[in-house]
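Chain residues, written in single-letter form:
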Amino acid sequence: MLLLASSFFGCSKPQAEGAQEIWRFAIEETQGSVQDTYAKRFEQLIEERTDGEVDVVVYPYGTLGTSDHILEQLHNGTLDFAMSSPGHLGKFIPEVQVFLLHFLMSDDEAVNICALQKPEVRAFLDKLYLEKGLHFLSAISEGAMAWTTREAVRTPDDFDGMKFRVMTSPLLIAAYEAYGASPTPLPYSEVYSALQLRMIDGQVNPVFAIEEMSFYEVTDWLIFPNHAYFIATVAGSPKFFERLSPSRRELVEHVINQLQGEIETIQQRFNRKRLESIEERKPEMNVVRLDEAQRARFREAAAPMRKKFIELAGERGQQLLRTLRAAVTDCAARN
């Protein structure tokens, strides 16, 4: 796969003097998604501010393989930028699975956005990514996670024996096992057919993804437990950044900082509009928001995830957990 990708990109060849620069950016979602909107906006800003000297090429999910393939190509320097979610990246950098812990982040999305931008959180992630041959750029929220299922889920007992699709993270597998489900890791592109063929009974994603991938068509319940947010990270190739001039590096930093604010407004609008679309297209869809008593049952069941996370991520994982919790607490106090 990587040999084919390297040949396809031709990235080993030096660019001719005066030739247009090609920057390659892969995302984990399809066209029209939050990540696609982010990458296209990045493309627009970079190309405008370099007067067309840089051509940013965006690769939607599936173009270059699975999320694991994208990560591998970024690590090898075949790609210059990529979106990478902790659900997949966690196998490579165990500490980032902290973002997968349930009932860790605030119920107030503004607090979470603030926490993700805290210098101490960013500095911790900078170090972790660099050690693994990646250049950390940003962490963004794509909205609250929701469940779509065939049967109603209001307590952990309702998950008993349910075949439930999760990403490949060991922590997510452990989390849904704790709820009583039978977690089933599958590539994103295979979820719809697996639901349609009844190979799985449910899945978890932000609302915009549920709508754009049509998961609601093959499930009957849309459930909001408000237990976690989908956090994606933007990363670059250190090999790419080493080749950049100081002015180009500064440009990337400015664009990333601008997009940090823009993407939150975009994802909130996406998730609101996509929920309206689901309700219009499938009026019989059962939409449920768990109350505090129901959420308390799941919070109790999820408590062992903290211990499991520390087992997987070690002392530095525990340090990142403390850093993130402190950031959330501080941001909540300020808001």
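As a reminder, the structure under discussion sits directly above these lines.
Only a predicted model underlies this, so the values are computations on that prediction, with no experimental measurement involved. Once a new chain begins, its residue numbering starts again from 1 and follows that chain's sequence as written. The predicted nature of this model means local features are confined to residues of pLDDT at least 70 and side-chain atom pairs, given and counted, to a pLDDT of 80 or more, with totals for whole chains, interfaces and linings taken over all residues. To obtain the side-chain values, all non-hydrogen atoms of the structure were included, while hydrogens and water were left out.

> Can you help me understand the overall build of the protein in this one?
Counting its regular elements, the protein contains 13 helices and 10 strands. Taken over C-alpha atoms, the radius of gyration is set against a globule rule of 2.2 Å times the number of residues to the power 0.38. For the protein, whose C-alpha radius of gyration is 20 Å, the value lies close to the compact-globule estimate of 20 Å for 335 residues. Considered along the principal axes of its C-alpha atoms, the protein spans approximately 65 × 40 × 35 Å. The buried share of the protein, taken over its 335 residues, is 56%. Long-range contacts, defined here as pairs at least 24 residues apart, represent 77% of the contacts in the protein between residues at least 6 apart. Secondary structure is summarised from DSSP: a helix means a run of H or I of at least four residues, a strand means a run of E of at least two, and numbering begins at the N terminus for each. Exposed residues in this analysis have more than 50% of their type's maximum accessible area, buried residues have under 20%, and partly exposed residues fall in between, with area computed by a 1.4 Å probe over protein chains only. Any two residues having at least one pair of non-hydrogen atoms within 4.5 Å are treated as being in contact.

> How should I be thinking about the layout of surface pockets in this particular structure?
Over the atoms, a rolling probe the size of a water molecule traces out where space has been left empty. Looking at the second largest pocket, its volume works out to about 350 Å³. Here a cavity is any set of points on a 1 Å grid over the protein atoms alone where a 1.4 Å probe fits but cannot get out, and a pocket is any open set with protein on both sides within 12 Å along at least 5 of 7 lines; a residue lines the site when it has an atom within 4 Å of a point. Lining the second largest pocket we find 17 residues, and of these Glu109, Ala144, Phe224, Asn226 and Arg289 sit closest to its centre. Elements with a contribution of two residues or more to the lining of the second largest pocket: β4 (135-149) and α11 (246-281). For the lining of the second largest pocket, the element with the most residues is α11, which contributes 5 residues. Side-chain classes are defined by residue name, with Ala, Val, Leu, Ile, Met, Phe, Trp, Tyr, Cys and Pro counting as nonpolar, Asp, Glu, Lys and Arg as charged, and the others, Gly among them, as polar. Looking at the lining of the second largest pocket residue by residue, the classes come out as 8 nonpolar, 5 polar and 4 charged. Grid points are joined across faces, edges and corners, and a volume is the space filled by probe spheres set on the points.

> Looking at this model, I keep getting lost on the state of the cysteines. Mind explaining?
Where two cysteines share a covalent bond between their sulfur atoms, that bond is called a disulfide. By definition, disulfides here are pairs of cysteine sulfur atoms that lie within 2.5 Å. Overall, the coordinates contain 1 disulfide when judged by the stated rule. For cysteine 114, the disulfide goes to cysteine 331, at an S-S distance of 2.1 Å. Its S-S torsion of approximately -70° makes the covalent link between cysteine 114 and cysteine 331 left-handed. Pair noted here: cysteine 114 is in helix α5 (residues 109-116) and cysteine 331 is in helix α13 (residues 304-334), with a separation of 217 residues, a long-range link. Take cysteine 331: its relative accessible area is 0%, and that puts it in the buried class.

> For this particular structure, what's the right way to read the nonpolar core?
Generally speaking, a soluble globular protein has its nonpolar side chains buried in company with each other. In this structure, Trp23, Phe25, Phe42, Tyr129, Trp147, Phe159 and Tyr176 are the most contacted members of the largest nonpolar core, which totals 115 residues. For this core, the element with the most residues is α11, which contributes 10 residues. Dropping the residues within four chain positions of it, tyrosine 176 is found in contact with His102, Trp147, Phe159, Phe164, Val166, Ala181, Pro183, Val204 and His227. Nonpolar cores were defined as sets of buried Ala, Val, Leu, Ile, Met, Phe, Trp, Tyr and Cys residues, with membership established by side-chain atoms within 4.5 Å.

> Whenever I open this one, the side chain of arginine 274 confuses me. Can you help?
Within the element layout of this structure, arginine 274 appears in helix α11. Exposure remark for arginine 274: the relative accessible area of 16% places this residue in the buried category. Contacts described as polar in this section are N or O atom pairs within 3.5 Å, which, within protein, must combine one atom able to donate a hydrogen with one able to accept it, while residues neighboring in sequence count only if both atoms come from side chains. In this structure the side chain of arginine 274 is engaged in a polar contact, spanning 3.5 Å, whose partner is the side chain of glutamate 212. Dropping the residues within four chain positions of it, arginine 274 is found in contact with Gly32, Val207, Phe208, Glu211 and Glu212.

> Would you take a moment to explain the packing of aromatic side chains for this structure?
Describing an aromatic ring pair means giving the distance of the ring centres and the angle of the ring planes. Stacked, edge-to-face and tilted labels apply to pairs of Phe, Tyr and Trp rings (six-membered ring for Trp) whose centres lie within 6.5 Å, assigned for plane angles under 30 degrees, over 60, and everything in between, in that order. For the coordinates displayed, the defined rule picks out 22 aromatic pairs. By the ring-pair criterion, three or more aromatic residues cluster together here, those being Trp23, Phe25, Phe42, Phe81, Phe240 and Phe241. Sitting over the face of the ring of phenylalanine 224, arginine 289 holds its NZ or CZ atom 4.2 Å from the ring centroid. Two conditions define a charge sitting above a ring: the NZ of Lys or the CZ of Arg must be within 6 Å of the ring centre, and it must be within 35 degrees of the ring normal.

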